[in-house]
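Now for the letters of each chain:
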Amino acid sequence: MTEPAIHRLSPLPSQTELSDDDITELYLQDAGDPWLRVNFVSSVDGAATHQGLSGGLSNDVDGRVFELLRRLCDVVLVGAGTVRAEGYGAMRVGAESARARSGAGMTPHPVFAIVSAGLDLDPRSSIFADAPERPIVLTTELSRPESREALSEVADVVVCGRERVQAERGLAVLHERGLTRIHCEGGPHLFADLIAARAVDELCLTISPRLEAGTSSRIATGAAPIAPLGLRLAHTLAGDDTLLLRYVRG
């Protein structure tokens, strides 16, 4: 299957199509360690989902970079609501990405870390049963003890707050395990918590070439107002009318 063509628009336009190595090199520039990268897709008019799913806005261009970003991280961090809605399975990358990760001295597949206040997760699901690396579940003191016990058989379950998972504590748990290059794939409430904690180092935002209208939420949704966090545009890529924007902390 032919990969969708991607070109760089800024800071300097590329005259030729970018290879996977070219693209990963761009996303490694200015990235520190530890580093928290957040990845979202949005319609041109700001919708975060199509028919309730972010996957409904994705396309082959977005999917290519999505896979390459997983190639670069130690752990993929996702809220449980997004895990359920988007139908996540075990955290596995493609064969080429697995080889590239192994060649770089990483585990073939990233660890899957799930944020779940109430532990509405099935320990028998493929997320856990087929996991190549033991998943981590970040939860609260108010989660059901029986659920914590059941999930502890298939994942590392860590309490990171009383009523809500505290972003700072959850990130500290990952760092303590040596999982310092974090790739967050949503959802909007988790992203808002990370912004409020001033923890976001990078936002990778795909602009899907479509208008959605409707009542779809933003990519970050939180009740409490926060001080804005300034960002700097690191690069712009494009393919098939899709824009791939990479912002880093200003």
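Residues numbered from 1 in each chain as written. Predicted model: local features only at pLDDT ≥ 70, side-chain atom pairs only at ≥ 80, totals over all residues. Heavy atoms only, no water.

A. Main features of the overall build of the protein chain. Helix and strand content of the protein chain: eight helices and ten strands. Against the compact-globule benchmark of 18 Å for 250 residues, the protein chain has a radius of gyration of 18 Å, which places it among compact chains. By principal-axis analysis of the C-alpha atoms, the protein chain measures approximately 55 × 40 × 35 Å. Considering only contacts in the protein chain between residues 6 or more positions apart, those separated by 24 or more positions represent 68%. Here the protein chain displays about 12000 Å² of accessible surface, and carbon together with sulfur accounts for 51% of that area. Measuring between centres, the 24 positive side-chain charges of the protein chain sit 4 Å from its 34 negative side-chain charges. (Helix = DSSP H or I, 4+ residues; strand = E, 2+ residues; numbered from the N terminus. Rg over C-alpha atoms; globule rule 2.2 N^0.38 Å. Contact = heavy atoms within 4.5 Å. Areas by Shrake-Rupley, 256 points an atom, 1.4 Å probe, with all protein chains shown as cover. Lys, Arg positive; Asp, Glu negative; His and termini not counted. Charge placed at Lys NZ, Arg CZ, Asp CG, Glu CD.)

B. Region of the structure containing the sheet that holds strand E5 (residues 136-139). Strand order in this open sheet of ten strands is E1-E9-E10-E8-E2-E7-E3-E4-E5-E6, and the pairing throughout is mixed. Whereas interior strands pair on both sides, the edge strands pair on one side only; in this sheet they are strand E1 (7-10) and strand E6 (156-159). Strand-to-strand, the axes of this sheet are offset by a mean angle of 25 degrees, without reference to chain direction. Of the pairings in the sheet, the one linking E1 to strand E9 (residues 231-239) comprises three bridges and is antiparallel in character. Bridge pairing in E9 places His7 opposite Ala238. Docked against the sheet, helix H8 (residues 188-196) engages strand E2 (35-43), strand E3 (75-79), strand E4 (111-115), strand E7 (181-184) and strand E8 (202-208), running at close to 135 degrees with respect to E2. (Pairing = 2+ DSSP bridges. Axes fitted to C-alpha atoms, helices over the stretch in contact; angles between N-to-C directions.)

C. Looking closely at the packing of helix H2 (residues 60-71) against helix H4 (residues 95-103). Orientation of H2 relative to H4, taken along the N-to-C sense of each, is 25 degrees, at an axis distance of 9 Å. By the criterion of interaxial angle, the relationship of H2 to H4 is roughly parallel. The crossing of H2 and H4 is right-handed. Here H2 contributes Glu67, Arg70 and Arg71 to the contact with H4, which in turn contributes Glu96, Ser97, Ala100 and Arg101. Here the contact of H2 with H4 is built from residues that sort into one nonpolar, one polar and five charged. (Parallel < 35°, antiparallel > 145°, perpendicular 65-115°, else oblique. Left-handed = near helix turned anticlockwise from the far one by under 90°. Nonpolar A, V, L, I, M, F, W, Y, C, P; charged D, E, K, R; others polar.)

D. View of the pattern of salt bridges. With the rule as written, the count across this model stands at twelve salt bridges. A salt bridge links Asp74 to Arg181; the nearest nitrogen and oxygen atoms lie 2.8 Å apart. Of this pair, Asp74 sits in the loop between H2 and E3 while Arg181 is found in strand E7, placing the two residues 107 residues apart along the sequence. Since its relative accessible area comes to 32%, Arg181 is described here as partly exposed. Residue Arg162 is joined to Glu141 by a salt bridge in which the shortest nitrogen-to-oxygen separation is 3.4 Å. In this pair, Arg162 is assigned in the loop between E6 and helix H7 (167-176) and Glu141 in the loop between E5 and helix H6 (145-151), connecting sequence segments 21 residues apart. By sharing partners, the salt bridges in this structure join Glu3, Asp20 and Arg64 into a single network. (Salt bridge = Lys/Arg side-chain N within 4 Å of Asp/Glu carboxyl O. Buried < 20%, exposed > 50% of the residue type's maximum accessible area, 1.4 Å probe, protein only.)

E. Layout of the packing of helix H1 (residues 20-28) against H2. For the pair H1 and H2, interaxial distance at closest approach is 10 Å and the crossing angle is 60 degrees. By the angle class used here, H1 and H2 are oblique. In terms of crossing hand, the pair formed by H1 and H2 is right-handed. On H2, the residues that touch Asp20, Ile23, Thr24 and Tyr27 of H1 are Arg64, Val65, Leu68, Leu69 and Arg71. Each residue belonging to the contact of H1 with H2 can be placed in one class, and the counts come to five nonpolar, one polar and three charged.

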